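Descriptive structure summary
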Amino acid sequence: MDDPYWFGQIAAANALSDVYAMGGVPKTAMNLVGFPLKHMDLAILRRILEGGLDKMTEAGVVVVGGHSVEDNELKYGLSVTGFVHPDKVLRKRSLKAGDRLILTKPIGTGIINTAIKGGLATPEITQFVTRLMAALNRSAAEAMAGHPVHACTDVTGFGLLGHLAEMVVGAGLGAEIDSTSLPIIPHALEYAAMGLIPGGAYKNREFRETIVAIEPSVDRGVRDVLFDPQTSGGLLISVQADHADALLYDLHRKGAADSAIIGRVVSEPFEQIRVI
Amino acid sequence: MQKIDARGLACPAPVLQTKAAIDEGADLLAVLVDNKASKENVCRFLETQGFETIVESWETDFHVHATRAGVVPRSAAESLSPESDGSKIMVMITTDRMGFGDDALGMKLMTNFIKTLKEMGASLWRLVFVNNGVKLAAEGAAVLEDLKTYEADGLKILVCGTCLDHFNLLDQKRVGETTNMLDIVTAMQLADKVINI
């Protein structure tokens, strides 16, 4: 991400996702900055902080201060505090057999960002993915509130299957993903076929390959996207099956337009993910 | 043959360097990378561009050899021998003794076989050792010197890493490159003839 203002927005959206995934409402945030004063213009930092502040304002969050240090490379993140009723905290591993799994943003940001780095992405797709990463998971979180959601997490660096694995391992359950229903960013499959795949995707796959079984019929590019590390990805929601369609409707209505039912939670095979 | 050393570079730099070489019209490429992700990415890119690839593992590095489909590669071995018709023969040796019956005889025959292989001339393109065959490439094997001569003359000798590991011979290998099943399968696909012993 070359534009400092968008970089700030994306970092802020990303930082907020944890609170949204827990069913919380974020209230305050603190900036955390590492900045290479000697090699970078301070105006860049100003734009980053503006981006972060604007995104927090959009989320109804007050930025109460922060910490900055001189660093060899640029780092920006935020520490976010939110509120949630103790009985309503959504956890990662409290899913139930039979639940439907809903993903609220399309995947493939790692692959697209690799293509952008390589100068091979079109301006249209660059803009699309920038806005996607900067989009808050707020509307998704608000849509969840009215439904029997059992578990939720936000999809980031471990990729879709990495985060799904965190949910099922330890819960004593398994999951089944329907690869044909996955929301995937346009061109991500094409760039994956060209080998524009971030190193992290291979690491994610290696780490989880023992618990993941992918049917041979699944497209090679789709296999890559499943492990592609996401920046500020969507929420992965495990909802009671008979409410899945109603939740999906609310997600679409509130603006999480790419949300899709991507699979279900199963009791067998235990701690395994099957992709069909 | 265009060589690209993309070691120490993160994705997508190795792919971009490969792309630049192809854009300049390269038909034969050797790309050197130092991690699996780059190896996979470079192979995929080359395949989408209509290249055939072979990967050799070399300690922590990977050599990706690529040929544009339809271009006949002229390797060192092939160009050395005038009688070569350009065909590529892969000999896969799955045992340290030839045939069944008498083991002592089988081992003698195998030694003789390997010594005689040179009569294939430059058509002999790959010599692959798997299962019990890897013992022929390990310390103490009767044919080690012959194999070393072949290798010095440009023959590519591949030795199955899983098999070496199985027999606890990983540090006893004295000739050839440690290989994996993907490389073996790719070599089979590229060879004109595969002879299985």
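Quantities reported herein were computed from a predicted structural model and do not represent experimental measurements.

**Notes on the pairing of strand E6 (residues 174–177) of chain A**
Residues and elements named next belong to chain A. Every second residue of E6 is oriented toward a common face, with Gly174 and Glu176 on one face and Ala175 and Ile177 on the other, all of them buried. Note: E6 against strand E9 (residues 260–266), four bridges, orientation antiparallel. Bridge pairing in E9 links Gly174 to Val266. Here E6 pairs with strand E10 (residues 273–275) via three bridges, running parallel. Its bridge partner being in E10, Glu176 is matched across the sheet by Arg274.

**Notes on the sheet that holds strand E1 (residues 25–35) of chain A**
Residue and element names in this part refer to chain A. A sheet is described by the order of its strands in space; here three strands give the open sequence E2-E1-E3, paired in mixed fashion. Pairing within the sheet leaves two strands with one partner each, and these edge strands are strand E2 (62–70) and strand E3 (75–83). Between one strand axis and the next, the sheet turns by 20° as a mean value, whatever way the strands run. The sheet contact formed by E1 and E3 spans nine bridges and is antiparallel. Looking at the pairing, Thr28 lines up with Thr81 of E3. Packed onto the sheet, helix H1 (residues 4–21) meets E1 and E3 and runs at close to 35° relative to E3. This element, helix H2 (residues 42–58), spans E1, E2 and E3 of the sheet and lies at about 170° to E1.

**Considering the interface of chain A and chain B**
Contact with chain A, which involves 16 residues of that partner, is made by 13 residues of chain B. With both sides pooled, the region where chain A packs onto chain B buries about 1,200 Å², and carbon together with sulfur makes up 58% of that total. Taken as a group, Met194, Tyr202 and Arg220 of chain A account for 40% of the area that chain A buries against chain B, more than any other trio of residues on that side. At the surface where chain A touches chain B, the tally comes to four salt bridges. Of the charged contacts in the structure, one is a salt bridge between Asp224 of chain A and Arg44 of chain B, with a shortest N-O distance of 2.3 Å. Between chain A and chain B we count four residue pairs in polar contact (both at pLDDT 80 or more) in total. Take the side of chain A that touches chain B: its biggest share by element is four residues, from helix H8 (residues 199–208) of chain A. Within the side of chain A that touches chain B, the residues separate by chemical class into seven nonpolar, four polar and five charged.

**Let's talk about the domain arrangement of chain B**
Residues and elements named next belong to chain B. Along its sequence, chain B is carved into domain 1 (2–68) and domain 2 (76–196). Measuring from the centre of the C-alpha atoms in domain 1 to the corresponding centre in domain 2 gives 26 Å. Listed by partner, the interface residues are eight residues for domain 1 and nine residues for domain 2. Summed over both partners, the interface of domain 1 with domain 2 comes to about 770 Å²; 50% of that surface belongs to carbon and sulfur atoms. The largest contributions to the domain 1 side of the interface with domain 2 come from Ile54, Glu56 and Ser57, which together make up 58% of the buried area. The tally of links between domain 1 and domain 2 comes to one salt bridge. Scanning the region where domain 1 abuts domain 2 turns up one residue pair in polar contact (both at pLDDT 80 or more). Ranked by residues supplied to the side of domain 1 that touches domain 2, first place goes to strand E3 (residues 51–58) with seven residues.

Scoring rules and cut-offs
- Residues numbered from 1 in each chain as written.
- Chains lettered and ligands numbered in written order.
- Predicted model: local features only at pLDDT ≥ 70, side-chain atom pairs only at ≥ 80, totals over all residues.
- Heavy atoms only, no water.
- Buried < 20%, exposed > 50% of the residue type's maximum accessible area, 1.4 Å probe, protein only.
- Helix = DSSP H or I, 4+ residues; strand = E, 2+ residues; numbered from the N terminus.
- Pairing = 2+ DSSP bridges.
- Axes fitted to C-alpha atoms, helices over the stretch in contact; angles between N-to-C directions.
- Contact = heavy atoms within 4.5 Å.
- Buried area = accessible area lost by both parts, 1.4 Å probe.
- Salt bridge = Lys/Arg side-chain N within 4 Å of Asp/Glu carboxyl O.
- Polar contact = N/O pair within 3.5 Å; in protein donor to acceptor, adjacent residues only side chain to side chain.
- Nonpolar A, V, L, I, M, F, W, Y, C, P; charged D, E, K, R; others polar.
- Domains from an automatic or database assignment.

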